[in-house]
Amino acid sequence: MTRHCICYVVDDNYLFPTLVSASQAREHAPASLADIVILCLSDASQRVKEVMPVAISLGVQLIEVPTTSIYNLHPMYGRLFIDKLLPRAYERVLYIDGDTQIAGSLEPLLNTDIPEGKFLAVRDPAAMFAKLSDKWARRIQAERDEAGLGQRSLEDYLNTGVLAFNLKDWGNLAGETLKLIRGRSTPFKFGDQDPMNLAIGNQCLYISNRWNFPGFLIGSSQEERVKPVIYHFMSNPRPWVYAGAPWGEKWHTPYKDFLARFPSLESVAPKTTAVKKARHYLQQALKCVTEYGPVSRFSEAKPLQEV
């Protein structure tokens, strides 16, 4: 066991894309530096049994975790229990969402200093959308107000898709977030992201979005400026079922190639329909013109920590 762990937390519906990301992480992080662990929240899942031999062959640890371990909460909350689900021998954890692809070395992020009691994350791209128009700004401000974050700058809001932290600190950080979730009578709009920002946002050291780059900005001048390492496909359609704009065939191909390499995963690979694909093409073509293109002209706020 190494001191570092690159960790994913998913349910068994998300195993296929997560395994693609985890296999890329294995390629971009030496085994001597970090273990790759997928924590799958499920109960005696047949899908886990089907995927396990592939994970082992890739040098990825796949661990099935009972859903009761997170008190039967939605799987998105699983990252808040990482300190309880991983072996405590790890010192540093790099958590990555399963709807990602890894395009470069993870060593700088694994090796960067994280002060005691702090954690690293990337600003959510919503702040850039707020610059599009007053209408967008009012909408995003209303969402922040609803979450109790109305007094903070729109740019001081983290995305939970990539998190780096010292494992000994995560119990307290995640615990504060869970306390807020349990004390609220109605759910937060953005799952664990709103309460994490509200409870521990002040402990976050923002890093460049090259470590959590929005997939909808692929092909933009911002991608060229940032030179991303981790690409995050934050909303539907995802590239494992759709090869159109903005990412295109290049980012769909890794999933096709992975399935060709491991045909036994056919039963766990997500499927779509021709009708949904057609709708995605039309929706994305419109968004590329009205949203993604204009947003790509803006830059994120300056990171608090360079990595």
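If you're wondering where the values come from, they're calculated on a predicted model, not measured in any experiment.

**A word on the pattern of salt bridges**
- Scanning all chains against the criterion turns up 15 salt bridges.
- For K256, the salt bridge is made with E249, and the minimal N-O distance between the two is 2.8 Å.
- For E249, a relative accessible area of 37% puts it in the partly exposed group.
- Within this structure, R79, D97 and D192 form a network of salt bridges that share partners.

**Observations regarding the packing of helix α1 (residues 15-27) against helix α2 (residues 46-58)**
- The N-to-C vectors of α1 and α2 enclose an angle of 10 degrees; their axes lie 11 Å apart at closest approach. On the basis of the axis angle, α1 is roughly parallel to α2. Across from L15, L19, S23 and R26 in α1, the residues of α2 making contact are R47, V48, V51, V54, A55 and L58.
- Among the residues making up the contact of α1 with α2, the classes are represented as 7 nonpolar, 1 polar and 2 charged.

**Quick notes on the nonpolar core**
- Counting residues in hydrophobic clusters, the biggest one holds 65 residues, and the most contacted among them are I6, L19 and L106.
- Of all the elements, α1 adds the most residues to this core, at 6 residues.
- Apart from residues no more than four positions distant in its own chain, I6 is found in contact with A25, A29, A34, D35, I36, V37, L94, I96, L106 and L110.
- Within the second largest apolar cluster, 32 residues are counted, among which are L39, F119, F165 and L178.

**Notes on the sheet that holds strand β9 (residues 213-214)**
- Pairing in this open sheet of 3 strands is mixed, and the strands run β5-β10-β9 from one edge to the other. With one partner strand each, in any of the chains shown, β5 (100-102) and β9 form the two edges of the open sheet.

**Some thoughts on the environment of A121**
- For A121, the position within the fold is in strand β6 (residues 119-123).
- Take A121: its relative accessible area is 0%, and that puts it in the buried class.
- A121 sits 88 residues away from N209 along the chain, and the two C-alpha atoms are 8.7 Å apart.
- Non-local contacts of A121, meaning those with residues more than four positions away in its chain, are made with L158, N159, V162, L163, C204, L205, Y206 and I207.

**A word on the packing of aromatic side chains**
- Per the counting criterion, the structure on display carries 17 aromatic pairs.
- Summarising the aromatic geometry, the rings of Y242 and W247 are spaced 5.9 Å apart at their centres and angled 90 degrees between planes, so their arrangement reads as edge-to-face. Grouping residues by exposure puts Y242 and W247 together as buried.
- In this structure an aromatic cluster arises from ring pairing among F213, Y231, F233, Y242, W247, W251 and Y281.
- Over the ring of Y71 we find R182, and its NZ or CZ is 5.5 Å from the ring centre.

Scoring rules and cut-offs
Residues numbered from 1 in each chain as written. Predicted model: local features only at pLDDT ≥ 70, side-chain atom pairs only at ≥ 80, totals over all residues. Heavy atoms only, no water. Salt bridge = Lys/Arg side-chain N within 4 Å of Asp/Glu carboxyl O. Buried < 20%, exposed > 50% of the residue type's maximum accessible area, 1.4 Å probe, protein only. Axes fitted to C-alpha atoms, helices over the stretch in contact; angles between N-to-C directions. Helix = DSSP H or I, 4+ residues; strand = E, 2+ residues; numbered from the N terminus. Parallel < 35°, antiparallel > 145°, perpendicular 65-115°, else oblique. Contact = heavy atoms within 4.5 Å. Nonpolar A, V, L, I, M, F, W, Y, C, P; charged D, E, K, R; others polar. Core = buried A, V, L, I, M, F, W, Y, C linked by side-chain atoms within 4.5 Å. Pairing = 2+ DSSP bridges. Phe/Tyr/Trp six-rings, centres within 6.5 Å; stacked < 30°, edge-to-face > 60°. Lys NZ or Arg CZ within 6 Å of the ring centre and 35° of its normal.

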